[in-house]
Each structure stands twice: as C-alpha cells, then as structure tokens.
Amino acid sequence: GIFNGFVCGSICARVEILESEPEKNKLYVMTINVLAAYRRRGIASALLKFALDKAIEDPTIQEVYLHVQVSNTEAKDFYLHHGFEDCGVIKDYYKRIDPPDCYLLRKTI
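What you see is a predicted model; the values in this text were computed from it and never measured.

Residues I32, L48, V64, L66, Y79, F84 and L105 are the most contacted members of the largest nonpolar core, which totals 21 residues. Elements with a contribution of two residues or more to this core: β4 (25-34), α1 (43-57), β5 (61-69), α2 (73-81) and β7 (102-108). At six residues, the largest contribution of residues to this core is made by α1. When sequence neighbours within four positions are dropped, the list of residues in contact with L48 reads I11, I32, F78, Y79, H82 and F84.

Let's shift gears to unusual backbone geometry. With omega at 0 degrees, the peptide bond leading from D98 into P99 counts as cis. You will see that R40, though not glycine, has its phi angle at about 70 degrees, which is positive. Following the sequence through the fold, R40 ends up in the loop between β4 and α1. Its identity as a non-glycine residue notwithstanding, D92 has a phi of 55 degrees, on the positive side.

Aromatic ring pairs are defined here through the distance separating the ring centres and the angle between the ring planes. Enumeration according to the criterion identifies four aromatic pairs in this entry. Geometrically, the ring pair formed by F78 and Y79 is edge-to-face, given 5.0 Å between the ring centres and 80 degrees between the ring planes. Grouping residues by exposure puts F78 and Y79 together as buried. Consider the rings of Y93 and Y94, whose centres lie 4.9 Å apart with planes at 85 degrees: the pair is edge-to-face. Owing to a relative accessible area of 21%, Y94 belongs among the partly exposed residues under this scheme. An aromatic cluster of at least three residues, connected via ring pairs, comprises F78, Y79 and F84. The positively charged end of K26 is found above the aromatic ring belonging to Y65, 4.7 Å away from the centroid. Taking the ring centre of Y103 as reference, the NZ or CZ of K76 above it sits at 3.8 Å.

Taken in spatial order, the five strands line up as β3-β4-β5-β7-β6 in an open sheet, and their pairing is mixed. Strands with a single pairing partner mark the edges of an open sheet, and in this sheet they are β3 (9-17) and β6 (85-90). The average angle at which neighbouring strand axes cross in this sheet is 25 degrees, direction not considered. As judged from the seven bridges shared by β5 and β7, these two strands associate in the antiparallel manner. Note that in β7 the partner of Y65 across the bridge is R106. Docked against the sheet, α1 engages β3, β4, β5 and β7, running at close to 165 degrees with respect to β4.

Cut-offs and rules
- Residues numbered from 1 in each chain as written.
- Predicted model: local features only at pLDDT ≥ 70, side-chain atom pairs only at ≥ 80, totals over all residues.
- Heavy atoms only, no water.
- Core = buried A, V, L, I, M, F, W, Y, C linked by side-chain atoms within 4.5 Å.
- Buried < 20%, exposed > 50% of the residue type's maximum accessible area, 1.4 Å probe, protein only.
- Helix = DSSP H or I, 4+ residues; strand = E, 2+ residues; numbered from the N terminus.
- Contact = heavy atoms within 4.5 Å.
- Phe/Tyr/Trp six-rings, centres within 6.5 Å; stacked < 30°, edge-to-face > 60°.
- Lys NZ or Arg CZ within 6 Å of the ring centre and 35° of its normal.
- Pairing = 2+ DSSP bridges.
- Axes fitted to C-alpha atoms, helices over the stretch in contact; angles between N-to-C directions.

Written as structure tokens, this is what we have:
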C-alpha cells in the first residue's frame, strides 16, 4: 500500500489447490501489514480488496482463507467486517509465539 508516495503496507498471498476439488483452487492470505502510523486510513482494506478482486478474476479460485492468532481481536474483527466467517480455532497452530492457537477464517467467492 502506498500513501502519499510512501510504501506503508503490504499483502502476501498464495494460490493453493482446493483439497475437496483438485481442479479448483483457494487463495491463502499469509499476511497483511500496515505501518502503525498509517493504520485506520483504509490501506489494509484496499490491499485486501485488491487480492479479493484478483481472486474473483480467476474462475478456478473458490475461496479465500487465512489464520488469525486468537489474541488478535482487531485483526479478526477486520476480516469478519470484510465478509469472512469464523470456522473455529486450531490449537497449537503457531510453534514459536504465544498464544499458539489461531482462528481459521474463510470467505467463499
């Protein structure tokens, strides 16, 4: 994300095979980040919209999913606001951070 000519955010995602339908795909959002001084300006929403729009352009992509650490309520609320659904908690997902549990969030496109 660029704000006033300054790179202040980014998104990283990858396309994966959808296990239930090997001829279809899903998009995994690995991370979205925005520098603290630039938050609450719509940058993360614009980055997510960009990724979702690209996914929608690909007819093989059926869903988008991601993981959010259970302590990160701000991030979870952000994704729920953008139409993701909470699919439950995965215990011990993270190996080197505390708490190690995460929410699995998913959005069908």
